[in-house]
Amino acid sequence: MPVEGGGKTDMERIGLFSEMEYVTVGDKYVSPFNRPFNEAASKNKQMLPGGSKEMSDLQAGYFDPHFVRIFEGEGYINLNQVRRRDMMQAAKKNLSKAFLPSSGDKKPCGLGSYYGTIGGPVPFFSAQSRPREKYEAPGKNLYTNPGKKGTGYGYANITIGKQFSHAADFYDAPKQNYKKANEEHHRLLKGAPFKLNLHPRDYFDANPYFSEGPLPPIKKEEKKEAISNTFKPSSPGKKPGGMKAGTFDPYPSHSADPYVTKLAKIPGKDDKIFHPPSGPKSRPVESIMTLNVRRALNSKNYKTTSVPSY
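These numbers were taken from a predicted model, which means no experiment stands behind them.

K.L.:
Help me understand the overall build of the protein chain, please; the structure alone is not making it clear to me.
P.N.:
The helix and strand tally for the protein chain stands at four helices and zero strands. If you list the helices and strands of the protein chain from N to C, you get α-α-α-α. Counted over contacts in the protein chain with a minimum sequence separation of 6, partners at least 24 positions apart contribute 0%. Of the accessible surface of the protein chain, which amounts to about 36,300 Å², a share of 59% is contributed by carbon and sulfur atoms.

K.L.:
I keep staring at the pattern of salt bridges and nothing clicks. Help me out?
P.N.:
Any two side chains of opposite charge can pair if their charged atoms end up close together. Using the criterion set out here, one finds one salt bridge in the structure. Here Glu184 makes a salt bridge to Arg187, at a shortest N to O gap of 2.4 Å. Linking Glu184 with Arg187, this pair stays in helix H3 (residues 173-188), spanning three residues, or about one helical turn. Accessibility expressed as a relative area gives 36% for Glu184, which makes it partly exposed.

K.L.:
What is the right way to read a nonpolar patch on the surface from this model?
P.N.:
A cluster of nonpolar side chains, namely Tyr114, Val122, Phe124 and Phe125, defines an oily patch on the protein surface of about 440 Å² accessible area. Residue placement: Phe125 occurs in the loop between helix H2 (79-91) and H3.

K.L.:
Explanation requested: the confidence of the model for the protein chain in the structure shown.
P.N.:
Should the pLDDT be low somewhere, the predicted coordinates at that spot are not to be read in detail. For the protein chain, the mean per-residue pLDDT works out to 76, and 79% of the residues sit at or above 70. The lowest-confidence element of the protein chain is helix H1 (residues 10-14), averaging 71 in pLDDT; the highest-confidence one is H2, averaging 94.

Criteria and cut-off values
- Residues numbered from 1 in each chain as written.
- Predicted model: local features only at pLDDT ≥ 70, side-chain atom pairs only at ≥ 80, totals over all residues.
- Heavy atoms only, no water.
- Helix = DSSP H or I, 4+ residues; strand = E, 2+ residues; numbered from the N terminus.
- Contact = heavy atoms within 4.5 Å.
- Areas by Shrake-Rupley, 256 points an atom, 1.4 Å probe, with all protein chains shown as cover.
- Salt bridge = Lys/Arg side-chain N within 4 Å of Asp/Glu carboxyl O.
- Buried < 20%, exposed > 50% of the residue type's maximum accessible area, 1.4 Å probe, protein only.
- Patch = residues over 30% accessible without salt bridge, like charges linked within 9 Å, V, L, I, M, F, W, Y side chains within 5 Å.
- pLDDT = per-residue confidence, 0-100.

This is the structure in structure tokens:
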């Protein structure tokens with residue numbers, strides 16, 4: 001569209017001959033998920049091959065209707081003939097006959113033999129002995145007294161220095177030394193250890209049985225002496241034979257006891273005497289009318305029920 005004030009249009013300013021056409025205007029929207037993968041494969045005629053062909057010596061296995069030669073009109077060549085011709089041309093380049101050695105290869109006759117070699121024997125590997133100077137001994141070594149026999153266990157005077165003198169070593173020497181040092185330490189102490197009573201404490205002790213005082217001595221349990229032998233009376237017990245022979249006391253003396261009948265005690269007023277009842281007593285019996293009234297009236301309907309008039 002033209003610009004205000006005159007001038008070139010937008011298409012002329014861009015440099016295009018005409019505006020691009022809108023090809024997709026009015027087309028139906030097709031979702032890419034429902035769109036076929038190859039839409040052209042389902043329209044019009046398709047290329048139908050004649051099926052897969054297997055390679056064989058028949059002409060049907062090839063695309064061409066007949067066999068085609070690579071070169072047309074070439075002559076037949078014999079490879080053996082070509083090789084002979086090349087060998088003859090190479091033999092013409094020789095100036096004389098072929099070199100032949102005067103004799104065959106020489107073979108060594110044994111291990112370490114130089115027969116058949118070009119250079120001959122090597123003097124460095126010669127087996128002959130070289131002249132050497134006369135050997136002179138450097139001199140005798142330092143001689144000392146022969147070693148003393150013995151392994152050291154149970155043998156005396158086998159060390160370099162003097163023999164150690166025997167010193168008594170008590171078995172409880174460290175314990176005795178510690179005891180003496182401890183006694184000397186307590187002797188130098190002055191008074192009991194210092195304790196500060198201003199340290200704050202809790203309202204209740206953590207241990208109710210805690211006591212700073214010394215503990216009482218341990219009570220020793222008294223052991224009861226066990227009786228070794230069982231008790232046996234000095235003489236066997238006496239058997240009563242219808243008399244007092246087996247008792248501790250002699251036969252009691254006879255006391256005069258006149259025969260008098262004892263009268264029964266007469267009960268007084270204060271004594272409670274049980275009197276059985278004369279017979280069964282009757283029980284109260286309710287009438288039939290009272291029972292009917294109780295059945296018709298109860299705690300739930302006594303306010304709503306009307307009283308009948310007799």
